[in-house]
Amino acid sequence: MILIKGGIIVTAERQYRSDILCNDAGLIAQIGPDLECPTGCEIVDAAGLLVMPGGIDPHTHMEMPFMGTTASDDFYTGTAAGLAGGTTSLIDFVIPGQGQSLYEAWQEWRMKAEKAASDYGFHVAVTHWDDRVHADMGRLVTEAGVNSFKHFMAYKNALMIDDAIFLRSMQRAAELGALCTVHAENGDAVSFLQAQLLAQGETGPHAHALSRPPGVEGEAAQRAITLAALRDTPLYVVHVSTREATEAIAAARLKGLKVYGEVLPQHLVFDETVYHDPDWLIAARHVMSPPFREKSHQQALWGGLMSGQLQTTATDHCCFCREQKERGRDDFTRIPNGVPGIEERMSVLWHHGVATGRLTPEQFVALTSTNTARIFNLYPRKGCIAVGSDADLVLWDAQATRTVTVDALHQNVDYTLYEGMTLTGLARKTISQGVVTWDDGLLRAERGKGRYIRRPAFAPGGASSV
Ligand code: URP
Ligand code: ZN
Ligand code: ZN
Ligand code: ZN
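Along each chain, the written sequence defines residue order, and numbers are assigned to residues from 1. Both sets of labels track the order of writing: A upward for chains, 1 upward for ligands. With the structure being a predicted model, the display of local features is reserved for residues of pLDDT at least 70 and the display and counting of side-chain atom pairs for 80 or more, all residues being used for whole-chain, interface and lining totals.

What to know about the sheet that holds strand E6 (residues 42-45)
Where we set the bar: At least two bridges found by DSSP between two strands is the condition for calling them paired. Counting from the N terminus, the helices are DSSP H or I runs at least four residues long and the strands are E runs at least two residues long. Every axis in this analysis is a line fitted to C-alpha atoms, fitted for helices over the stretch in contact. Angles between the N-to-C directions lie between 0 and 180 degrees.
Judged by pairing direction, the sheet is mixed, and its four strands sit side by side in the order E5-E4-E1-E6 without closing on themselves. Edge positions in the open sheet fall to strand E5 (28-32) and E6, since each of these has one partner strand only. Each neighbouring strand pair of the sheet contributes to a mean axis angle of 20 degrees, computed without reference to strand direction.

Structure, rendered in structure tokens:
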């Protein structure tokens, strides 16, 4: 049992001074000013700190097999790193292998994730279509606690599906009360451009960005929205990186469609020039999809977050070490796509969002936790500070400043995108299931302590409105 004393609670709605008592079941038991400390209860001093709901990262890829290799952070190291950065839950992606059923893949991912140090759930990717997929989607929603499915419009000849499959999946998800999520890039266009660039001798990381220009994302986002409207089903667009996709989402919302957009902090910070770095490895370490964009797109993303047209922040945490990135030394299409970030997300968003005055602390909570909990039906168990909710909290030092270095981080990867950057805003303590797991530099993550979180289907009408 712990009593968090003297902090300022920040929720998505307001700030107020209060104590929080967390019980041994890992739940918030009491909230109030000057709470008594029951016998045997440990006091956690939160004086001078903000007490916020722990971060929820709805987009990670721990130990994902991808592009001929496997992401280097596993469910233990990745969730532990999340705790060090103030993130107490994540939703990862089950990706069925060739010929593997969705349900079998979900079982495989459950096994892999047993070592997780923080709570987690799964989206399941629909990568092909047959009667078994239709049946498995039902079983996953009704028996397995999965309420969201992922669709890749890119990665041709691997994960990509066509519009007919997407529509079938949307129809099935709508029947089941599940949410469709989408990686929106036109995979045929990417594949065409990749082949042309290679034929012209463009083999370096800069060609990665050239093969995935903003229109490729804008077109796919608009197409996905159009398809979702045909089936009257909500849609969540992952890693929105362009003005075009932001505007498509905002326009859809103005029409009353339930469309949500997710932003990755790295797209707010880095631009396309990272691919011009003369050091091949530095440029390759920024290879992810969608790629980093020309600076003006960042303004649109900030505008989307500030206005509420884009609702969540995630990381797309997908780590590849030097020797993995080296696979694409002579051919940019073979550089494994993905970058780390679960440990840095909260600080990066605070520094560039709140410390600059773009976002209020309440918006920060909404964007890192509450909106995600609402959209993915985890609320009010997660994403809020209320009696009966999980005691997943971060004690945040809004003034603390540190310079990021890979050596001080816990992710199982050999670099950070933010190396050498000085950031204001830091998780001093992270509390997961009522236990202090990150204590001012000391990581007390416990292997296997994380629980699989079942997410129920949505009521008719679809995902909750955010
Ligand atoms: O480059 C990325 N984003 N890698 C992970 C897979 C995906 O597209 O989300
Ligand atoms: Zn993606
Ligand atoms: Zn360029
Ligand atoms: Zn991803």
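A few points about the pairing of strand E19 (residues 422-432)
Definition in use: Buried residues are those with 20 or more other C-beta atoms within 10 Å of their own C-beta, exposed residues have 12 or fewer, and partly exposed residues lie in between; C-beta atoms are placed from the backbone.
When you tally the buried positions in E19, you get nine out of 11 residues, the bulk of the element. As paired elements, strand E18 (residues 393-403) and E19 share eight bridges and run antiparallel to each other. Paired with Arg402 across the bridge in E19 is Leu423. Of the pairings in the sheet, the one linking E19 to strand E20 (residues 435-439) comprises four bridges and is antiparallel in character. Looking at the pairing, Thr430 lines up with Trp438 of E20.

Some details on the site of ligand 1
To be explicit about the condition: Being near a molecule or strand means, for a residue, that its backbone-placed C-beta atom lies within 6 Å of it. Amino acids are sorted into nonpolar (Ala, Val, Leu, Ile, Met, Phe, Trp, Tyr, Cys and Pro), charged (Asp, Glu, Lys and Arg) and polar (every other residue, Gly among them).
Around ligand 1, the structure places His61, His183, Met288, Ser289, Asp316, Cys318, Asn337 and Gly338. Split into classes, the residues belonging to the shell around ligand 1 amount to two nonpolar, five polar and one charged.

Some words on the domain arrangement of the protein
Condition: For each domain, the first and last residues come from an automatic or database assignment. Any pair of residues counts as being in contact when their C-beta atoms, constructed from backbone geometry, are within 7 Å of one another.
Looking at the assigned domains, one finds that the protein contains domain 1 (2-52 + 381-443) and domain 2 (54-375). The C-alpha centroid of domain 2 is placed 27 Å from the C-alpha centroid of domain 1. On the domain 2 side, the residues contacting the 36 residues of domain 1 number 46 residues. Contributing elements (two or more residues each) for the side of domain 1 that touches domain 2: strand E7 (50-53), E18, E19 and E20. The leading source of residues in the side of domain 1 that touches domain 2 is E19, at seven residues.

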